[in-house]
Amino acid sequence: MTDLIRAILNRSSEPRLEAPAPEGETLDRILQCAAMAPDHALLRPWRYLVIEGEGLDRLGGVFAQTGETDAEREKFRKMPHRAPMVIVAITSFKPHPKVPDIEQSMSTAAGVGYMLLALESAGFGGMWRTGAMAYAPQVHAGLGLSDDEAIAGFLYVGSVSNPKPHVPRPEVGHFVQRWPSQAD
Ligand SMILES: Cc1cc2nc3c(=O)[nH]c(=O)nc-3n(C[C@H](O)[C@H](O)[C@H](O)COP(=O)(O)O)c2cc1C
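Here we summarise the structure given alongside this text. In this text, all values refer to a predicted model and were calculated from it rather than measured experimentally. (Residues numbered from 1 in each chain as written. Predicted model: local features only at pLDDT ≥ 70, side-chain atom pairs only at ≥ 80, totals over all residues. Heavy atoms only, no water.)

Looking now at the nonpolar core. Within the largest apolar cluster, 22 residues are counted, with the highest numbers of intra-cluster contacts made by F63, V88, V139, L143, I151, F154 and Y156. Breaking this core down by element, the ones donating at least two residues are α3 (54-64), β3 (85-92) and β5 (149-160). The element contributing the most residues to this core is α3, with four residues. Residues in contact with V88, not counting those within four places in the same chain, are R47, Y48, L49, I51, L143, I151, G153 and F154. Counting residues in each nonpolar core, the second largest holds 18 residues, with L27, I30, M115 and L116 among its members. (Core = buried A, V, L, I, M, F, W, Y, C linked by side-chain atoms within 4.5 Å. Buried < 20%, exposed > 50% of the residue type's maximum accessible area, 1.4 Å probe, protein only. Helix = DSSP H or I, 4+ residues; strand = E, 2+ residues; numbered from the N terminus. Contact = heavy atoms within 4.5 Å.)

Pasting the structure below:
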């Protein structure tokens, strides 16, 4: 088994994150991994916002705008502080005759997956979240998205404070078939 395969097989999303988050060259390399995503027609249909420090308070303020009650607003305001860094993955859809929007979203998703692996391999943790915040018009406006953009996710990033138990995966035979099957 290669180191890479072993790393993927041991990968885990980590919800309990604390400081420090990656910085400097380590952070740059992790972000560079997002640009290694397969990308039909090389449209580069993604961009990322890195948010930390006071930015997390600002993001909390943006999230709070989506709440309908005081209790909701308070809950949403705290959400970004679940980690010392939040990376917002944004798909910037580029009209193309052969590359529908879904392929551009998939390219962004691949980039987020690579970043999750890179984070873990650099000794950090990450958790990909969406929820209502990813689709709320107030959040799109607050983060400066254009009408041709969508949020693929919020990648919560930091050091793992308390590792989550490994989530079991189905065996290959449960989700993979040969085609045509031998019965055909
Ligand atoms: C697009 C996407 C959005 C997600 N949004 C959330 C979310 O909002 N909240 C959450 O608890 N998990 C969310 N998850 C799932 C977690 O990131 C994680 O994959 C899940 O908890 C399983 O853990 P594992 O990756 O260690 O197997 C999302 C996953 C994806 C791919």
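Don't stop here, the text continues.
Viewed as axis vectors pointing N to C, helix α2 (residues 24-34) and helix α5 (residues 101-121) meet at an angle of 150°, and their least axial separation amounts to 7 Å. Here α2 lies roughly antiparallel to α5, going by the angle between them. Note on packing geometry: the crossing formed by α2 with α5 is right-handed. Only G111, Y114, M115, A118 and L119 of α5 make contact with α2, whose side of the interface consists of I30, L31, C33 and A34. Classifying every residue of the contact of α2 with α5 gives eight nonpolar, one polar and no charged. (Axes fitted to C-alpha atoms, helices over the stretch in contact; angles between N-to-C directions. Parallel < 35°, antiparallel > 145°, perpendicular 65-115°, else oblique. Left-handed = near helix turned anticlockwise from the far one by under 90°. Nonpolar A, V, L, I, M, F, W, Y, C, P; charged D, E, K, R; others polar.)

Okay, the layout of surface pockets next. In this structure, the largest pocket spans a volume of roughly 190 Å³. Surrounding the largest pocket, I8, L9, R11, H166, V167, R169 and P170 form its lining. Split into classes, the residues belonging to the lining of the largest pocket amount to four nonpolar, one polar and two charged. (1 Å grid on protein atoms, 1.4 Å probe; cavity = no way out; pocket = protein on both sides within 12 Å on 5 of 7 lines; lining within 4 Å. Points joined across faces, edges and corners; volume = space filled by probe spheres on them.)

Let us look at the environment of P84. Here P84 lies in the loop between α4 (70-78) and β3. Residues P84 and P20, spaced 64 residues apart in sequence, show a C-alpha to C-alpha distance of 6.9 Å. Those residues within four positions of P84 in sequence are excluded, and the remaining contacts are L17, E18, A19, P20, A21, I51, E52, G53, L56, V157 and G158.

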